[in-house]
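If you want the building blocks of each chain, they are given just below.
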Amino acid sequence: MTIIIDTNVVLDVLIHRAPFFADSELVLLATEQKYVDGYVTASAITDIFYITNKYLKDKTATQELLKNHLIGTVNIAAVDGDIIVEALNAGWDDFEDSVQYVTGKSIKADYIVSRNTCDFSTGTIKAITPKEFLDIIAPE
């Protein structure tokens, strides 16, 4: 199974956002342990860095956090000119979501894991919450 992990899920883990941390951490753990092929878009990394650094107010700590707890845990999906053009032409309200969706199509993602599933409602890749993802890979 291949998934795109939305920025909000990664941020839940890196800056320990309650009450979302536990489920989001398990999503990243499933990726790290190779239960699934989990991807974050290359373009999302810059947003993740910016928001995490804004929260931590420490560039070195932010760099170390990303190096030690994100890079190597997830795959990084390339975002090239073709993806940007397709995302611009898609007409979505949120350009970042459009880029994530188009990137997901390019890697043949089965799901987009996000807390904001409605942001992806017009796409053909099913968007699911971290909890829904965990129910799929480890049903009770």
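Please refer to the structure higher up on the page.
Parameters and conventions
- Residues numbered from 1 in each chain as written.
- Predicted model: local features only at pLDDT ≥ 70, side-chain atom pairs only at ≥ 80, totals over all residues.
- Heavy atoms only, no water.
- Helix = DSSP H or I, 4+ residues; strand = E, 2+ residues; numbered from the N terminus.
- Expected span 1.5 Å × (residues − 1).
- Buried < 20%, exposed > 50% of the residue type's maximum accessible area, 1.4 Å probe, protein only.
- Pairing = 2+ DSSP bridges.
- Phe/Tyr/Trp six-rings, centres within 6.5 Å; stacked < 30°, edge-to-face > 60°.
- Axes fitted to C-alpha atoms, helices over the stretch in contact; angles between N-to-C directions.
- Contact = heavy atoms within 4.5 Å.

Caption draft 1: Molecular detail of helix 6 (residues 95-106). Helix length check: helix 6, at 12 residues, gives a terminal C-alpha distance of 16 Å against a target of 16 Å (1.5 Å per residue), a fit within 8%. If you check which residues of helix 6 are buried, you get Asp97, Ser98, Val99, Gln100, Tyr101, Val102, Thr103 and Gly104. Downstream of helix 6 by a residue or two, lysine 108 has a phi angle that is positive, lying close to 60°.

Caption draft 2: Seen up close, the pairing of strand 1 (residues 2-5). Across the two faces of strand 1 the burial is the same, with Thr2 and Ile4 and Ile3 and Ile5 all buried. Bridge count between strand 1 and strand 2 (residues 37-41): 3 bridges; the pairing is parallel. When the sheet's bridge partners are listed, isoleucine 4 is paired in strand 2 with tyrosine 39. Sheet analysis places strand 1 next to strand 4 (residues 111-113), joined by 3 bridges and oriented parallel. The residue of strand 4 that forms the bridge with isoleucine 3 is tyrosine 111.

Caption draft 3: Looking closely at the packing of aromatic side chains. Applying the stated rule across the entire model yields 2 aromatic pairs. Taken together, a centroid distance of 6.1 Å and an interplanar angle of 65° make the contact between tryptophan 92 and phenylalanine 120 edge-to-face. One end of the pair, tryptophan 92, is in the loop between helix 5 (81-89) and helix 6; the other, phenylalanine 120, is in the loop between strand 4 and strand 5 (126-128), and 28 residues separate them in sequence. For the pair formed by tryptophan 92 and phenylalanine 120, the shared burial category is buried. In this structure an aromatic cluster arises from ring pairing among Trp92, Tyr101 and Phe120.

Caption draft 4: Main features of the sheet that holds strand 1. Pairing is parallel across the open sheet formed by 5 strands, whose spatial order is 3-2-1-4-5. Of all strands in the sheet, those with a lone pairing partner are strand 3 (75-77) and strand 5, marking the two edges. The average undirected angle you get between the axes of adjacent strands in this sheet is 35°. The sheet contact formed by strand 2 and strand 3 spans 3 bridges and is parallel. Pairing of threonine 41 across the sheet is with alanine 77, part of strand 3. In the packing of helix 2 (residues 21-32) onto the sheet, contacts are made with strand 1, strand 2 and strand 4, and the angle to strand 1 comes to roughly 135°.

Read these as geometric descriptors, not functional statements.
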